[in-house]
Amino acid sequence: MSDFNGQIIEEFRANAGHVTTAGFGDNLILVHTVGVKSGQPRINPLLALPDGDSWLVIGSAGGSPKAPAWVHNIRALPQVTIEVPADGGITEMKASVRELSPAEWDDGWQRFLDKSDGFRKYTETSEGRQFPIFRLTPVGG
């Protein structure tokens, strides 16, 4: 895990999901995955947009031409654990993952653009890569 991600995770947990670093505010969730090759647990702080009872996350990797490792991991194992801000604290829950279909992608992409024009800037360095968007939906209690 990068030092930056470690700092974000620590701040998220210390402040009931509120992260002032990089202006994230209350727009992050922590996504726990398992490395497909390593079998090791991973935690990724991701910008998340509420979508009904679900959240949308995007594999932008800051505009890198290469998808972040977590994208490969959740495509292979589409069940994750997430930590989300809730009721002045943090709630952990299991979630299923579904990648948005091509028909849904434009609407999802527009939601991320509406949240931050930074996503449009990412397309300048991504070498034409379309950023995958995923819906994380809580499952069972």
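Please read all numbers here as calculations on a predicted model, not as lab measurements.

Undergrad: What exactly am I supposed to notice about the pairing of strand S4 (residues 54–58) here?
TA: By the criterion of burial, S4 is predominantly enclosed, with 5 of the 5 residues buried. Taking every second residue as pointing to the same face, both faces of S4 are buried, with Ser54, Leu56 and Ile58 on one and Trp55 and Val57 on the other. The antiparallel pairing of strand S3 (residues 49–51) with S4 creates a hairpin that spans 2 residues between the two strands, and Gly52 there sits at a positive phi of about 65°. Pairing of S4 with strand S7 (residues 133–138) involves 4 bridges; the strand directions are antiparallel. Counted as the bridge partner of Ile58 is Ile133 from S7.

Undergrad: What's the story with the pattern of salt bridges in this structure? I'm lost.
TA: Here the idea is simple: oppositely charged side chains can pair when their charged atoms come close. Here the structure, examined in full by the defined rule, presents 7 salt bridges. Glu83 is paired through a salt bridge with Arg13; the nearest N and O atoms lie 2.6 Å apart. Of this pair, Glu83 sits in strand S5 (residues 79–86) while Arg13 sits in helix H1 (residues 3–14); the two residues are 70 residues apart in sequence, bridging distant segments of the chain. The exposure class assigned to Glu83 is buried, which follows from its relative accessible area of 6%. Between Asp51 and Arg135 there is a salt bridge whose closest N-O contact spans 2.6 Å. Of the two residues, Asp51 sits in strand S3 while Arg135 sits in strand S7, which places them 84 residues apart along the sequence. Taking the relative accessible area as the measure of exposure, Asp51 reaches 23% and is therefore partly exposed. Connected through shared salt-bridge partners, Asp51, Arg98, Glu104, Arg111 and Arg135 make up one network.

Undergrad: Even after reading the chapter, I still don't get the side chain of Arg129, so can you show me in this structure?
TA: In this structure, Arg129 sits in the loop between helix H4 (118–122) and S7. Comment: no salt bridge for buried Arg129; closest opposite-charge side chain is Glu127, at 8.7 Å. In this structure the side chain of Arg129 is engaged in a polar contact, spanning 2.9 Å, whose partner is the backbone oxygen of Ser60. Those residues within four positions of Arg129 in sequence are excluded, and the remaining contacts are Gly59, Ser60, Ala61, Ser64, Pro65, Lys66, Ala67 and Pro68.

How each quantity is defined
Residues numbered from 1 in each chain as written. Predicted model: local features only at pLDDT ≥ 70, side-chain atom pairs only at ≥ 80, totals over all residues. Heavy atoms only, no water. Buried < 20%, exposed > 50% of the residue type's maximum accessible area, 1.4 Å probe, protein only. Helix = DSSP H or I, 4+ residues; strand = E, 2+ residues; numbered from the N terminus. Pairing = 2+ DSSP bridges. Salt bridge = Lys/Arg side-chain N within 4 Å of Asp/Glu carboxyl O. Lys, Arg positive; Asp, Glu negative; His and termini not counted. Polar contact = N/O pair within 3.5 Å; in protein donor to acceptor, adjacent residues only side chain to side chain. Contact = heavy atoms within 4.5 Å.

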